[in-house]
Every structure is written in structure tokens, then in C-alpha cells.
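# Fold and geometry: a report
In case you want the letters, here they are:
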Amino acid sequence: MVWTMSEIIKPRVMQKLQEEIRRRVKGKASVEESDIAQMPYVKLVVKEALRLHSTVPFLLTRECVKQCQIGGYDIYLGTRVLINAWGIGRDPKVWTETAFVFNPERLENAELDRSEMIPFGGVRRACPASSVATQVVEFTIANLFYFFDWQLSSGMKNQELDMEEVGSLIVVRKTPLCLRVIAFVQHGVVDYLPLWIICQRYVGLEKEDAIVDYLPEICGPRERGWSIP
Ligand code: HEM
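What counts as what
- Residues numbered from 1 in each chain as written.
- Predicted model: local features only at pLDDT ≥ 70, side-chain atom pairs only at ≥ 80, totals over all residues.
- Helix = DSSP H or I, 4+ residues; strand = E, 2+ residues; numbered from the N terminus.
- Expected span 1.5 Å × (residues − 1).
- Buried ≥ 20, exposed ≤ 12 C-beta atoms within 10 Å, placed from the backbone.
- Arc of directions from axis to C-beta.

### Section: helix α2 (residues 11-25)
If you check α2, its first and last C-alpha atoms are 21 Å apart, about what 15 residues at 1.5 Å a residue would give, namely 21 Å. Of the residues making up α2, those classed as buried are L17, I21 and V25. End-on, the buried residues of α2 take up no more than an arc of 50°, which puts them together on one face. Facing away from the buried side of α2, by more than 90 degrees, are the exposed residues P11, R12, Q15, E19 and R23.

Have a look at this one:
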């Protein structure tokens, strides 16, 4: 979620994403799960984020149970094998010289087999939750970008956003993602509190990091409880 948010914050992507979400959901008080099927760009964005930011870079360690040869190399019985999912998702031979660039459109009509990106691993030890996890991220992103506009905090320019990674088992941002959140109000009184909790729990926003701008005359007074708890 955090890497996906970090990539979406780029103006071109965010604008296109919000246009799609708001066009589909227009007039409704919430995004429904069935709406997501009509949001191809949301799906491309989440998939591209998984390609570029493989959460588990070396997958679960495998052990060779039968001596074999791969690419001319002998792999002996008992050898521990690390599979570089991070590298596979960024391989210039597959993804061209723009492999490191976030570009959801590259996946439009792309015919991929199961080896060109493996953010959920593969074969017998593949993530059993790949389908539900993807759907949850898509649904959460659609909600966050339907109800809120997002900006980098304190006038920071997009190119200044630090995308450095740290970690080994799991790759996370080196610096926290600090965003400014602006409630998007077009349908009267909406209870934003559950979404705000999502922002805090899953996007990692801290109280000090983010500011919610809101329109009390439309959303109702602060006591309604949807502003920063
Ligand atoms: C976007 C979210 C997620 C990503 C990117 C992800 C990624 C992965 C990866 C890369 C592996 C290792 C696969 C391999 O080595 O071949 C894995 C394993 C696993 N994941 Fe996920 N996962 C996600 C969400 C979840 C969720 C929500 C659950 C549970 C509800 C889950 C449960 C598991 C389990 C149980 C395994 C171990 C499977 C085994 O060893 O047989 N994952 N996941």
C-alpha cells in the first residue's frame, strides 16, 4: 500500500486514477467492491506497483532436492536457492531500459507469462492470498482516492520524494511517506472516520505527518468525529 501510494502521488498518475474512480463512483456514498471491475487503471496501477516494489525481494528460501543444471550451472543437492523477485520485476531485458520507471500503461494489453514478474512468488510456495490481497489493495486505493485528494507535504516537489528502500526480508521505504490529505467533498455529509483509520493503519500516516483540510459547513462539525482522532 505504501509503495503504491508513493507512486500514485505523481501528478499524472493520480489525476488519471482519480478521474477513473470518480467517474465510475460518481454520486454514490461509497465505492462498492463490484465497481472495481470497471476500473482498469486502478488494476494496472496496483499491478505496476507490485512489479516495481516486490515486497518480499528474495521470496522464501528454497533448498535443492535434486541435483540439476540451470543456465549451465550445477546446482547440488541441499543448495539454498534465493529467487530475486525484485530483480525479475526490474529486468531490462523484459521491461526495457525504463524498467525502473513507474508506468502502469506498460501493462495494458501486455501478454505476460508467470515468470516476468513474481511479486507473490511461484509454484508450490506461492502466496495463497495473492488474489484477495490484490483485491484488497485495489479496493482500498479506490476508496482513498475517491474520498481524498493527496499532496506531498510542505510544498515538496515530486522529484524530491525519497524512494530509497531498506530491508532484506521485506523492502520498505527508508523515510516515511508524509502526505497532505484533503477531503474531497461532493456528496454532502460523509463519515470519513473509517477511511482515516485506513490511512493511519495501512498507509502509515502519523497524526503529525498529515493534515486533513475539510469543509465543516458541508461535512458537519468536527464533533461528528471524522477529523483526525
Ligand atoms: C500485497 C500483499 C502480499 C504480498 C505482496 C505477498 C507476497 C508473498 C510472497 C512473495 C510470498 C512468498 C512466495 C514464494 O516464496 O514463492 C508469500 C507467502 C505467503 N503469503 Fe503472502 N503476500 C501478500 C499478502 C498476504 C496475505 C494478506 C496473506 C494472508 C492472509 C498472505 C499469506 C501468505 C502465506 C501463508 C505465505 C506462505 C506460503 C507457503 O510458504 O506455502 N500473504 N506472500
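Next comes the rest of the account.
### As for unusual backbone geometry
Within the chain, T96 stands out as a residue other than glycine whose phi angle is a positive 65°. With respect to the secondary-structure elements, T96 resides in the loop between α5 (92-95) and α6 (130-147). Since 11 C-beta atoms lie within 10 Å of it, T96 is described here as exposed.

### Quick word on α6
Across its 18 residues, α6 extends 26 Å between first and last C-alpha, which sits within 8% of the 26 Å expected from 1.5 Å per residue. Residues of α6 that are buried: V137, E138, T140, I141, A142, L144, F145, Y146 and F147.

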